[in-house]
Amino acid sequence: MIGENKVIWSQAIVNGKLTRIGDGVWSGDTFKTSIIEIGGQSLQGVRVAKCLLDCMETGKEVELLICSAHIYGVRVNGKVYKEGAVRQMGWALLVAVALGWLFLPLALASLIFVRRAYAIYMF
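Residues numbered from 1 in each chain as written. Predicted model: local features only at pLDDT ≥ 70, side-chain atom pairs only at ≥ 80, totals over all residues. Heavy atoms only, no water.

## Observations regarding the nonpolar core
Stated formally: Buried residues of nine kinds, namely Ala, Val, Leu, Ile, Met, Phe, Trp, Tyr and Cys, make up a nonpolar core once their side-chain atoms join them within 4.5 Å. Exposure categories follow from relative accessible area, calculated using a 1.4 Å probe and restricted to protein chains: below 20% of the type maximum is buried, above 50% is exposed, and the middle band is partly exposed. Going along the chain from the N terminus, every DSSP run of H or I of four or more residues is numbered as a helix, and every run of E of two or more is numbered as a strand. Residue contacts follow a heavy-atom distance rule, with two residues in contact if any of their heavy atoms lie within 4.5 Å.
Core analysis: the biggest nonpolar cluster contains 18 residues, and I38, L43, M56, L64, I71 and V74 have the highest contact counts within it. Where this core is concerned, the elements lending two or more residues are β1 (11-21), β4 (36-38), α1 (50-53), β7 (61-67) and β8 (70-76). Aside from chain neighbours lying at most four places away, what touches L64 is A12, I13, V14, I38, L43, M56, I71, G73, V74 and F123. Among the nonpolar cores identified, the runner-up in size contains six residues, and L65, Y72, A119 and F123 belong to it.

## Side note on the confidence of the model for the chain
We apply this condition: The predictor's confidence in any single residue is recorded as pLDDT, a number from 0 to 100.
For the chain, per-residue confidence averages 86 on the pLDDT scale, and residues scoring 70 or more make up 93% of the total. Mean pLDDT in the chain bottoms out at helix α3 (residues 111-122), which sits at 85, and peaks at β4, which reaches 95.

## Details of the environment of D23
The topology assignment puts D23 in the loop between β1 and β2 (24-27). Since its relative accessible area comes to 66%, D23 is described here as exposed. In this structure the C-alpha to C-alpha distance between D23 and S34, which are 11 residues apart in sequence, comes to 5.6 Å. Setting aside anything within four residues of it in sequence, one finds D23 in contact with F31, K32, T33, S34 and I35.

## So, the environment of G39
Assignment of secondary structure puts G39 in the loop between β4 and β5 (41-43). The exposure class of G39 is partly exposed, given its relative accessible area of 44%. A sequence separation of 24 residues divides G39 from E63, and the C-alpha atoms of the two residues are 9.6 Å apart. The contact partners of G39, leaving out residues within four places of it in the chain, are N15, G16 and K17.

## What to know about helix α2 (residues 85-100)
Quick reminder of the rule: Take the residue count of a helix, subtract one, and multiply by 1.5 Å to get its expected span.
With 16 residues, α2 extends 22 Å from end C-alpha to end C-alpha; this agrees with the ideal 22 Å at 1.5 Å per step. Those residues of α2 that are buried lie in contact with β8 and α3.

## Considering a nonpolar patch on the surface
In plain terms, the rule: Patch definition: residues with relative accessible area over 30% and no salt bridge; like charges joined within 9 Å; nonpolar side chains (Val, Leu, Ile, Met, Phe, Trp, Tyr) joined within 5 Å. Only the protein chains shown count as cover for residues, and the accessible areas themselves come from Shrake-Rupley with a 1.4 Å probe. For this analysis, a salt bridge means a side-chain nitrogen from Lys or Arg found within 4 Å of a carboxyl oxygen belonging to Asp or Glu.
Taken together, M89, L108, L111 and V114 make up a surface patch of nonpolar side chains, about 360 Å² in accessible area. Assignment of secondary structure puts V114 in helix α3.

## With respect to unusual backbone geometry
A positive phi angle, close to 50°, is found at S68, a residue other than glycine. Residue position: S68 is located in the loop between β7 and β8. Phi angles above zero are rare outside glycine, and A69 is one such case at about 65°. Among the structural elements, A69 can be located in the loop between β7 and β8.

Written out as structure tokens, the structure reads:
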């Protein structure tokens, strides 16, 4: 959650001073945090890959790219760290093929993943 708004299918860029990264649970290389406090906002239940979590330092000004309750990009100290664009394109291809053969308009569901990959690439 960002504040009280859920980030389910949408994208958000949140920036500000990172004040807290709460406890959470690991699932492979992905961490689901209980809370992240940044710029006066509270993000709850957001997942982040280990490679991005490692570059998130409390007390620093950071910018986060969040898509569907996952952090896919971190900008800190003028450097940009991204993760997941190729995976999103893989999901887009899989969904297009798996659903497209059933009913062609269902293949358009793959655009969700294409949009997410584009957001990661442009961050």
